[in-house]
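Read off the chains here:
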Amino acid sequence: MASETERGDPGVSVQQQGPRYYLKSATNGRGGLNVYVSNRRSSFCEQQQRDAQNSFSVREFLKSKLFVSILIVGAVFITLICIGLVVMYERDGNVTQTIDVWRDKLTPEQLIWFDSGLDELKKALTVPINTKRAKNVILFIGDGMGPVSVTAGRIFKHGEGGKLSWEDFPHMGLLKTYTMDKQVPDSASTATALFGGVKSNYGTNGVDAGVLRGDCYSSLNKSHHVESILHWAQKAGKGTGFVTTTRVTHATPASLFANVPERGWECDATMPEEAKNLGCLDIGRQLVEEEPGQKMNVIMGGGRQCLVSGVEDTPEDPIDTWSCNSKDGRNLIEKWKADKMEKEQSFAVLQNNSDLVNLDVSNEFVLGVFANGHLAYDHERDKSDSGMPSLEEMTTAALRVLRKHQKGFFLVVEGGMIDQAHHRGWAKTALSELSAMDDAVAATVKLMTRELEETLIIVTSDHAHTLSMNGYPDKGNSIFGVAQNSKADGIPYTTLTYGTGGPDGFQVEVDSQGKVHRRDPTLDNLEDYKYVQQVGIATDENIHGGVDVAVHATGPMAHLFHCVHENSYVAHVISYAARIGRFRDSSAAGAFFDLLGLSY
């Protein structure tokens, strides 16, 4: 057949395809002719050979390294698909808000923590980022409220598994507290950083590092003055004020309105004659006579003895011997009232609980001075009509006065007696004051519920103390109780101690054999508010610690607190969130003054 094909017509093409031949006529004008020719015997044998080869190849392939590799790759691929079903990722790489988890068999002891972790994870995944403008800003300062104070305060009030009101805020960070000349700060310099965005020297209020402590002459140079966020808020037309449990002229609030080289210049009596002759004003006078103090809508705290000369000393309201006591015949409270009457502005002056309860919040200005010195500790205060209000009561009253401002408000709230108790070595009193601030924050969140989306709330501290949490006390043990016995001398020691402290805290005794040893704390009432915790180093009083402090935030731009920051960063976040200070809205007048190089 092959020879016939070869001898065929020249118009016929021949193609060989394996064991068969394909013929096509190119000359057939009716569509052509296809002819298949094959040798049947040869085709059958070849097919058997191919089947045998294929069978052998499959067996060899199943045993090959390539097949094993394919199996491994396939298993990995399937595993990745399963993981993808557990936690799904969107195209931008963000975890979705819906989480599926494997239902593993766990003991009850494990399950409680897995469920707790899942609940917290779901909560974290749904935290919104609020980028709105902050119409209102509320800044809480727990004076001396370091990390150990917070932990101990949480256990004291809510137990190991509880939370303080601000610990549910969605954003937080840490603040470094050093000053320009000290590793461990004081409240004046840290307040200047928090409120003015500029670090300064130890012991100075509202001036930059170009002013040394006590240098009146340099402080008169206004280029060294540090404007506070309160001043920026006033320029933006917002209501402003502060509330404190300390004197209104004390170190922390003073940095909101005063520019002085010495924090102790709260009144005339502590100022040197040279400074007075040069023209330096004490903090009390700056509060009442100068801006921005003069324009503040709310001022609440203690410190009558710094504003009024010759105040009466009573057991219920003693003179603070640690502070300035005016001698120049001043009555700055009456001067404040006269200023408001002259300007035909509505005002109220408050002196006790009754005045605060009956406050007409429609008043534009409120001055509440409730004590000669600091306010009484919360557990000791007189709650009758003639007594002193709590931090919570002052805070909620201040908010009711300020929230009527159409352009919003800026309020600072200081739990100042936390620090005072720590200085005395009274850990329980300090934690009681921390608890009172917890109440004030919780009440604020509740009162501002409808305005939280436009209210930036920040809770932080100016510095820490040397409070330490020691040993291995059992869970549920009183935070003021004994941790364990010392392995060195066998004498018990308490969970809370201080690194430094006054003579009452350095508790060393000599026994009948003449041996010196630490006093056994179980001989004293450890739950007493005035029990002095034992200290490692004796000084005149418990002094500050230099560790970082936490900052918690919720509301507009709260997410800007996210890592370890300088404490001066707080003022810049507030400025940006509220569009005040350097981040103020532009205007034609502002642009004109900026062009001339003048402030506006």
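Residues numbered from 1 in each chain as written. Predicted model: local features only at pLDDT ≥ 70, side-chain atom pairs only at ≥ 80, totals over all residues. Heavy atoms only, no water.

The name recorded for the protein in an unreviewed UniProt entry is Alkaline phosphatase, from Phlebotomus papatasi. Listed in UniProt under the heading Sequence similarities (unreviewed entry), the comment for the protein reads: "Belongs to the alkaline phosphatase family." (UniProt positions renumbered as here; feature names shortened; annotations may be inferred.)

Asks: Sorry if this is basic, but what is going on with the state of the cysteines here?
Replies: One covalent bond between the sulfur atoms of two cysteine residues makes up a disulfide. Evaluated as defined, the whole model comprises two disulfides. Bridging Cys216 to Cys280, the disulfide has an S-S length of 1.9 Å. Between Cys216 and Cys280, the S-S dihedral sits near 110°, and the bridge is therefore right-handed. Taken together, the residues Cys216 in helix α7 (residues 216-219) and Cys280 in the loop between α10 (273-278) and α11 (283-289) connect sequence positions 64 residues apart. On the accessibility criterion, Cys216 (4% relative accessible area) is buried. The partner cysteine of Cys267 in its disulfide is Cys324, sulfur to sulfur 1.6 Å. The chirality of the disulfide connecting Cys267 with Cys324 is left-handed, given an S-S dihedral of about -75°. Of this pair, Cys267 sits in the loop between α9 (251-257) and α10 while Cys324 sits in the loop between α12 (304-307) and α13 (332-342); the two residues are 57 residues apart in sequence, bridging distant segments of the chain. Note on accessibility: Cys267 and Cys324 belong to one class, buried. Disulfide connectivity for the protein, with bonded cysteines indexed by sequence position, reads 1-3, 2-4. Of the cysteine sulfurs around Cys306, a residue in no disulfide, the closest is that of Cys267, at 5.0 Å. Judged by its relative accessible area of 0%, Cys306 falls in the buried class. (Disulfide = S-S within 2.5 Å. Helix = DSSP H or I, 4+ residues; strand = E, 2+ residues; numbered from the N terminus. Buried < 20%, exposed > 50% of the residue type's maximum accessible area, 1.4 Å probe, protein only.)

Asks: Help me out: how do you make sense of the sheet that holds strand β22 (residues 564-566) in this one?
Replies: Backbone hydrogen bonds are what pair the strands of a sheet, in a parallel or an antiparallel way. Reading across from one edge, β8-β9-β7-β6-β10-β4-β11-β21-β5-β22 is the order of the 10 strands in this open sheet, with mixed pairing throughout. Both edges of this open sheet fall to β8 (347-350) and β22, since each of them pairs with a single strand only. This sheet shows a mean twist of 15° between the axes of neighbouring strands, independent of strand direction. Strand direction decides the pairing type here: strand β4 (residues 136-142) and strand β11 (residues 455-460), joined by six bridges, are parallel. Along β11, the bridge assignment pairs Val137 with Leu456. Contacting β7 (298-302), β8 and β9 (365-369), α13 runs over the sheet at an angle of about 165° to β8. Here helix α18 (residues 569-578) sits on the sheet and contacts β4, β5 (171-176), β10 (409-415), β11 and β22; the angle it forms with β4, its principal contact strand, is near 165°. (Pairing = 2+ DSSP bridges. Axes fitted to C-alpha atoms, helices over the stretch in contact; angles between N-to-C directions. Contact = heavy atoms within 4.5 Å.)

Asks: Mind showing me how you'd approach the sheet that holds strand β13 (residues 467-469) here?
Replies: One open sheet holds the three strands; their spatial order is β13-β16-β19, and the pairing between them is mixed. In this open sheet, the two strands that pair with only one neighbour each are β13 and β19 (535-538). The sheet shows a mean angle of 20° between the axes of neighbouring strands, taken without regard to direction. When strand β16 (residues 496-501) meets β19, the two strands line up parallel, connected through three bridges. Bridging from a neighbouring strand, Thr500 pairs with Ile537 of β19. Strands β13 and β16 of the sheet are contacted by helix α5 (residues 147-158), whose axis makes an angle of about 55° with β13.

Asks: Sorry if this is basic, but what is going on with the confidence of the model for the protein here?
Replies: Parts of the prediction with low pLDDT should not have their coordinates interpreted in detail. The pLDDT averaged across the protein works out to 89; a share of 84% of its residues lies at or above 70. For the stretch residues 1-42, pLDDT sits under 50, and the model shows 37 contacts to residues farther than four places along the chain or on other chains. (pLDDT = per-residue confidence, 0-100.)

Asks: Honestly, the UniProt feature "binding site: Zn(2+)" (unreviewed entry) in the protein in this entry has me stumped. Any pointers?
Replies: Listed under "binding site: Zn(2+)" (unreviewed entry) in the UniProt record, and renumbered for this structure, are Asp143, Asp419, His423, Asp462, His463 and His544. Summarising the element assignment, Asp143 is placed in the loop between β4 and α5. On the basis of relative accessibility, which here comes to 0%, the residue Asp143 falls in the buried class. Apart from residues no more than four positions distant in its own chain, Asp143 is found in contact with Ser187, Thr252, Glu414, Gly415, Gly416, Ile418, Asp419, Ser461, Asp462 and His463. Looking at Asp143, its side chain comes within polar contact range of the side chain of Ser187, at 3.2 Å. According to the relative accessible area criterion, Asp462 is buried, its value standing at 1%. At a separation of 3.0 Å, a polar atom in the side chain of Asp462 contacts the main-chain amide nitrogen of Gly144. (Polar contact = N/O pair within 3.5 Å; in protein donor to acceptor, adjacent residues only side chain to side chain.)

Asks: Whenever I open this one, a nonpolar patch on the surface confuses me. Can you help?
Replies: A contiguous nonpolar patch, built from Val68, Ile72, Val76 and Leu80 and spanning about 360 Å² of accessible area, is present on the exposed surface. In this structure, Val68 sits in helix α3 (residues 65-86). Exposure remark for Val68: the relative accessible area of 41% places this residue in the partly exposed category. (Patch = residues over 30% accessible without salt bridge, like charges linked within 9 Å, V, L, I, M, F, W, Y side chains within 5 Å. Areas by Shrake-Rupley, 256 points an atom, 1.4 Å probe, with all protein chains shown as cover. Salt bridge = Lys/Arg side-chain N within 4 Å of Asp/Glu carboxyl O.)

Asks: Just checking my understanding: could you explain the environment of Leu447 for this structure?
Replies: If you trace the backbone, Leu447 turns up in helix α17 (residues 427-447). In the structure, Leu447 is positioned 51 residues away from Thr396 in sequence and 7.5 Å away in space, judged by C-alpha atoms. Excluding its chain neighbours within four sequence positions, the residues that come into contact with Leu447 are Thr396, Leu399, Arg400 and Arg403.

Asks: Looking at this structure, how should I read the packing of α5 against α17?
Replies: Each pair of packed helices can be described by the angle between their axes along with the distance between the axes. Running from N to C, α5 and α17 point in directions that differ by 80°, and their axes come no closer than 9 Å. Here α17 runs roughly perpendicular to α5, going by the angle between their axes. Contact residues: Ser149, Val150, Ala152, Gly153, Phe156, Lys157 and His158 in α5; Lys428, Leu431, Ser432, Leu434, Ser435, Asp438 and Asp439 in α17. Tallied by class, the residues present in the contact of α5 with α17 amount to five nonpolar, five polar and four charged. (Parallel < 35°, antiparallel > 145°, perpendicular 65-115°, else oblique. Nonpolar A, V, L, I, M, F, W, Y, C, P; charged D, E, K, R; others polar.)

Asks: Looking at this structure, how should I read the pairing of β5?
Replies: If a strand is regular, its side chains alternate between the two faces of the sheet. Burial along β5 is one-sided: the face carrying His171, Gly173 and Leu175 is buried and the face carrying Met172, Leu174 and Lys176 is not. Summarising the sheet, β5 and strand β21 (residues 549-554) pair through five bridges and their orientation is antiparallel. Pairing of Met172 across the sheet is with His552, part of β21. Where β5 and β22 come together, three bridges link them in parallel fashion. Each bridged residue has a counterpart across the sheet, and for Lys176 the counterpart in β22 is Glu566.

Asks: Quick question: what am I supposed to make of unusual backbone geometry here?
Replies: With glycine set apart, most residues show a phi of negative sign, and most peptide bonds adopt trans. With omega at 5°, the peptide bond leading from Glu291 into Pro292 counts as cis. When you line up the elements, Pro292 lands in the loop between α11 and β7. Even without a glycine there, the phi angle at Glu344 is positive, about 55°. Take Glu344: it is sitting in the loop between α13 and β8. Positive phi is not limited to glycine here, since Met557 has a value of about 65°.

Asks: Hey, could you run me through the UniProt feature "active site" (unreviewed entry) in the protein in this one?
Replies: The UniProt feature table records "active site" (unreviewed entry) at Ser187. When you line up the elements, Ser187 lands in helix α6 (residues 187-196). Ser187 sits in the buried class, given a relative accessible area of 2%. Dropping the residues within four chain positions of it, Ser187 is found in contact with Asp143, Ala251, Thr252, Arg263, Asp462, His463 and His544.

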